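Residues per chain, in single letters:
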Amino acid sequence: MTSFVCSSSLGPRCLRSDARTCAVGAVAHNKCELYDLMADSTSLTDYQDALVLQRKLQREKIDGNTVNDALIVLQHPPTYTLGTGSTKLHLKFDEGSPPEGSSLYRTERGGEVTFHGPGQVVIYPILSLKNYRKDLHWYIS
């Protein structure tokens with residue numbers, strides 16, 4: 001885990017000491033904890049394991065046990081996720097037997113079907129919009 005500071009003087013950027021940026025879009029000084037689960041370019045994190053970490057960090061934030069934001073950076077093995085707006089009709093395969101070597105999960109996010117796989121870097125932000133702007137549309141735009 002790496003810490004860095006999000007600074008409003010830099011606009012919508014978060015800088016670490018090595019000057020890499022993240023896409024949180026900070027408007028105040030907030031510390032961000034970086035959970036880099038990509039030990040190397042072949043490291044893969046199961047979707048369920050990533051979800052457990054996300055929920056743990058979310059619960060800590062809600063309970064007030066941490067004030068820091070978090071970014072989880074990882075790659076998944078071949079995984080299909082079904083958002084709340086999807087049905088099995090959105091799949092190009094039988095829900096009971098996803099393509100060989102892949103997994104299928106229902107998720108709490110919106111949308112339809114998303115594929116995650118090796119070589120696709122995924123970043124999960126865990127933050128409170130109270131520290132930025134209480135506007136989901138602002139955040140996702």
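Fair warning: this is a prediction, and the values are worked out from it, not measured in the lab. (Residues numbered from 1 in each chain as written. Predicted model: local features only at pLDDT ≥ 70, side-chain atom pairs only at ≥ 80, totals over all residues. Heavy atoms only, no water.)

**Student:** A description of the packing of aromatic side chains should follow, citing residues and the corresponding values.
**Tutor:** This model, assessed by the stated rule, comprises three aromatic pairs. The interplanar angle of 35° and the centroid separation of 5.0 Å between the aromatic rings of Tyr47 and Tyr105 together place this pair among those described as tilted. Of this pair, Tyr47 sits in helix α1 (residues 47-62) while Tyr105 sits in strand β7 (residues 103-106), and the two are 58 residues apart along the sequence. As far as burial versus exposure is concerned, Tyr47 and Tyr105 are alike and both buried. Between Tyr80 and Phe115, the aromatic rings sit 5.0 Å apart at their centres with planes inclined by 55°, giving tilted as the arrangement. With a gap of 35 residues between them, Tyr80 in strand β6 (residues 79-82) and Phe115 in strand β8 (residues 113-116) connect regions that are remote in the sequence. Using a relative accessible area of 41% as the deciding quantity, one classes Phe115 as partly exposed. Here a set of aromatic residues connected by ring pairs shows up, and it is made of Tyr80, Phe93 and Phe115. (Phe/Tyr/Trp six-rings, centres within 6.5 Å; stacked < 30°, edge-to-face > 60°. Helix = DSSP H or I, 4+ residues; strand = E, 2+ residues; numbered from the N terminus. Buried < 20%, exposed > 50% of the residue type's maximum accessible area, 1.4 Å probe, protein only.)

**Student:** Talk me through the pairing of β6; I want residue IDs and the actual numbers.
**Tutor:** Neither face of β6 is left uncovered, since the one carrying Thr79 and Thr81 and the one carrying Tyr80 and Leu82 both have all their residues buried. Two elements, β6 and β7, share four bridges in a ladder whose sense is parallel. Paired with Tyr80 across the two strands is Leu104, which belongs to β7. Looking at chain direction, β6 and β8 are connected through four bridges and run antiparallel. Bridge assignment links Thr79 to a residue of β8, and that residue is His116. (Pairing = 2+ DSSP bridges.)

**Student:** Run through the confidence of the model for the chain, naming residues and quoting values.
**Tutor:** Confidence along the chain averages 80 in pLDDT terms, with 79% of residues attaining 70 or more. For the chain, per-element mean pLDDT is lowest for strand β2 (residues 14-15), which scores 38, and highest for β6, which scores 95. In this model, residues 1-28 is a region of pLDDT below 50 whose contacts with residues beyond four sequence positions or in other chains number 65 contacts. (pLDDT = per-residue confidence, 0-100. Contact = heavy atoms within 4.5 Å.)

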